[in-house]
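# Structural description and commentary
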Amino acid sequence: MRPDFCYRARDVLPEFPAGACGVDEAGRGPLAGPVLAAALILPAGVELEGLRDSKLLSAPQRTRLAAEIKAVALSWAIGEASAPEIDALNILQATLLAMQRALAGLAQVPTEVWVDGLHAPSFFKPSRAVVKGDQRVVSISAASILAKTARDAHMIRLADHYPGYGFEQHKGYASAAHRVALQRQGPCPEHRRSFAPVRALLP
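All of these numbers come straight from a predicted model, not from anything done at the bench. (Residues numbered from 1 in each chain as written. Predicted model: local features only at pLDDT ≥ 70, side-chain atom pairs only at ≥ 80, totals over all residues. Heavy atoms only, no water.)

## Here we look at the pairing of strand β3 (residues 35–41)
β3 sits mainly inside the fold: 7 of its 7 residues count as buried. Side chains V35, A37, A39 and I41 of β3 all project onto a buried face; the interleaved residues L36, A38 and L40 project onto the opposite face, where all are buried too. Of the strand pairs in this sheet, strand β2 (residues 21–26) and β3 are connected by 5 bridges, and their pairing is antiparallel. Bridge pairing links G22 to L40 in β3. In the sheet, β3 pairs with strand β4 (residues 75–81) via 7 bridges, with the strands oriented antiparallel. The residue bridging A39 from the neighbouring strand is A77, located in β4. (Buried < 20%, exposed > 50% of the residue type's maximum accessible area, 1.4 Å probe, protein only. Helix = DSSP H or I, 4+ residues; strand = E, 2+ residues; numbered from the N terminus. Pairing = 2+ DSSP bridges.)

So this is what it looks like as structure tokens:
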């Protein structure tokens, strides 16, 4: 299923409705690995100390909050789009696909879907994209943490299958160490061949 329609962001941020779902992704920029998305529904009025955009938190803080979020969420799910799917669809469409898979995994149907960024996947419930939603909407902040911790754990597992690239350290992002490993070893099956630094090393 190709997510071929998305909604544009709105400038006005209305009150987040009860039963709505927050969605965010992790892993759009890396040279390797999948893009993951998280979708979750939190109880109305829930408070989680220290909750904010995952990029503003340390790894231990994200791990603690992820456990707390899962414990209180009414429903949560993770969706994934693989590196080959990213190459076939492009990173935006693959991200929307991962979001659709996360939404499909929810045990509870949300009343609405709120997504961080400029685009939201097509869904049979009202959906909207919120610029900087991971800083403005609690449920999207929580989704960003679940997506980030899930993807980091996935990349650590991939490091065991593809040693020498340092996936456990840089999580597939284009760090200097990763680029050196790419030059030395060449791309592995988890590298995104449509991304320029990887494409340049292909035969």
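## Remarks on the pairing of β2
For β2, a buried count of 5 out of 6 residues is recorded, marking the element as mostly surrounded by other parts of the structure. Note that β2 and strand β5 (residues 113–116) share 3 bridges and pair parallel. Within β5, the residue paired with C21 across the bridge is V113.

## Let's talk about unusual backbone geometry
Excluding glycine, most residues fall at negative phi; most peptide bonds, likewise, are trans. Backbone geometry at N90 places phi at a positive 95 degrees, although glycine is not the residue there. Structurally, N90 is set in the loop between α2 (83–89) and α3 (91–104). Notably, K132 is not glycine yet its phi reads approximately 55 degrees, a positive angle. With respect to the helices and strands, K132 occurs in the loop between β7 (127–130) and α4 (133–136).

## A few points about the packing of aromatic side chains
Centre distance and the angle of the planes are the two values used to describe a pair of aromatic rings. This structure, assessed with the given rule, holds 3 aromatic pairs. Ring centres of F16 and W114 lie 4.9 Å apart, and the angle between their planes is 75 degrees; on these two criteria the pair is classed as edge-to-face. Taken together, the residues F16 in the loop between β1 (6–8) and β2 and W114 in strand β5 connect sequence positions 98 residues apart. A centroid spacing of 4.7 Å and a plane angle of 40 degrees characterise the contact between F123 and F124, whose relative ring orientation is tilted. Accessibility expressed as a relative area gives 62% for F124, which makes it exposed. (Phe/Tyr/Trp six-rings, centres within 6.5 Å; stacked < 30°, edge-to-face > 60°.)

## Some points on helix α7 (residues 176–185)
One full turn of an α-helix is made of 3.6 residues, so residues set three or four places apart face in the same direction. Within α7, the full set of buried residues consists of H178, A181 and L182. The arc that holds every buried residue of α7, seen down its axis, measures 105 degrees, which confines them to one face. Projecting away from the buried face of α7 at angles above 90 degrees are the exposed residues A176, A177, V180, Q183 and R184. Phi turns positive, to about 80 degrees, at G186, one or two residues after α7. (Arc of directions from axis to C-beta.)

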